[in-house]
Amino acid sequence: MDVRTGLNHRERATLRAVAEGHAEISCSCEPDLFVDGLACCDQHTAHRLAHLGLVMPSRGGRWGERVPALLTEAGAVALEGAFPPLAAA
């Protein structure tokens, strides 16, 4: 699957929230995502984005600790490819 075209609207919105610095992620093998301090309404999306390597913790932490979420290089490419630039008028 090409993640640039295989992401749904919720996944792209979640990646944008991470890219804009609004997200935290728990340190665990099934990381939970928190946006603006609230648990992400779709943890399946959070787990999928982490397992695809599109988001990750910005630093190490204790098991279950919430740390800032970081958009990976692959996540940035996926997000960029999801919204190609508009043609100049």
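Provided above is the structure to which this section pertains.
A few points on the structure. (Residues numbered from 1 in each chain as written. Predicted model: local features only at pLDDT ≥ 70, side-chain atom pairs only at ≥ 80, totals over all residues. Heavy atoms only, no water.)

Here we look at the overall build of the protein
Counting its secondary structure elements, the protein contains four helices and five strands. Listed N to C, the secondary structure of the protein is α-α-β-β-β-α-β-β-α in terms of helices and strands. Taking all 89 residues of the protein together, the buried fraction comes to 37%. For the protein, contacts bridging at least 24 residues in sequence account for 54% of all contacts bridging at least 6. Taken as a whole, the protein presents about 5400 Å² of accessible surface, with 58% of it coming from carbon and sulfur. (Helix = DSSP H or I, 4+ residues; strand = E, 2+ residues; numbered from the N terminus. Buried < 20%, exposed > 50% of the residue type's maximum accessible area, 1.4 Å probe, protein only. Contact = heavy atoms within 4.5 Å. Areas by Shrake-Rupley, 256 points an atom, 1.4 Å probe, with all protein chains shown as cover.)

Concerning the pattern of salt bridges
On inspection of all chains with the given rule, the structure shows five salt bridges. Here Arg 48 ties to Glu 11 by a salt bridge, and the two come within 2.3 Å at their closest N and O atoms. With a gap of 37 residues between them, Arg 48 in helix α3 (residues 43-51) and Glu 11 in helix α2 (residues 9-19) connect regions that are remote in the sequence. Relative accessible area serves as the criterion here: at 3%, Glu 11 is assigned to the buried category. (Salt bridge = Lys/Arg side-chain N within 4 Å of Asp/Glu carboxyl O.)

Observations regarding α3
Think of an α-helix as turning once every 3.6 residues; residues three or four places apart then point the same way. Taken together, the buried positions of α3 are occupied by Thr 45, Ala 46, His 47, Leu 49 and Ala 50. Buried residues in α3 make contact with α2, β2 (33-35) and β4 (55-57). Between the side-chain oxygen of the N-cap and the backbone nitrogen of His 44 there are 3.2 Å, and the N-cap of α3 in question is Asp 42. Once α3 ends, the next one or two residues include Gly 53, with phi positive near 75°. (Polar contact = N/O pair within 3.5 Å; in protein donor to acceptor, adjacent residues only side chain to side chain.)

Quick notes on the environment of Ala 76
With respect to the element layout, Ala 76 can be found in helix α4 (residues 73-82). Measuring from C-alpha to C-alpha, the distance between Ala 76 and Ala 19 comes to 7.9 Å, with 57 residues separating the pair along the chain.

Here we look at the nonpolar core
If you look at the biggest cluster of nonpolar residues, it comprises 18 residues, and the most contacted ones within it are Leu 15, Val 18, Leu 33 and Val 55. At the level of secondary structure, the elements contributing two or more residues to this core comprise α2, β1 (23-26), α3, β5 (66-71) and α4. If we ignore the near neighbours within four places in the chain, the residues touching Val 55 are Leu 15, Val 18, Ile 25, Leu 49, Ala 50, Leu 70, Leu 71 and Thr 72. (Core = buried A, V, L, I, M, F, W, Y, C linked by side-chain atoms within 4.5 Å.)

Focus on the environment of Gly 61
Structurally, Gly 61 is set in the loop between β4 and β5. Along the chain, Gly 61 and Ser 26 lie 35 residues apart, while their C-alpha atoms are 8.5 Å from each other.

Considering the packing of α2 against α3
In contact at an axis separation of 10 Å, α2 and α3 are set at 70° when each is read in the N-to-C sense. Judged by the angle between their axes, α2 and α3 are roughly perpendicular. Seen along the crossing, α2 lies across α3 with a hand that is right-handed. Counting all contacts with α2, which are made through Arg 10, Glu 11, Thr 14 and Leu 15, the residues of α3 involved are Thr 45, Arg 48 and Leu 49. Among the residues making up the contact of α2 with α3, the classes are represented as two nonpolar, two polar and three charged. (Axes fitted to C-alpha atoms, helices over the stretch in contact; angles between N-to-C directions. Parallel < 35°, antiparallel > 145°, perpendicular 65-115°, else oblique. Left-handed = near helix turned anticlockwise from the far one by under 90°. Nonpolar A, V, L, I, M, F, W, Y, C, P; charged D, E, K, R; others polar.)

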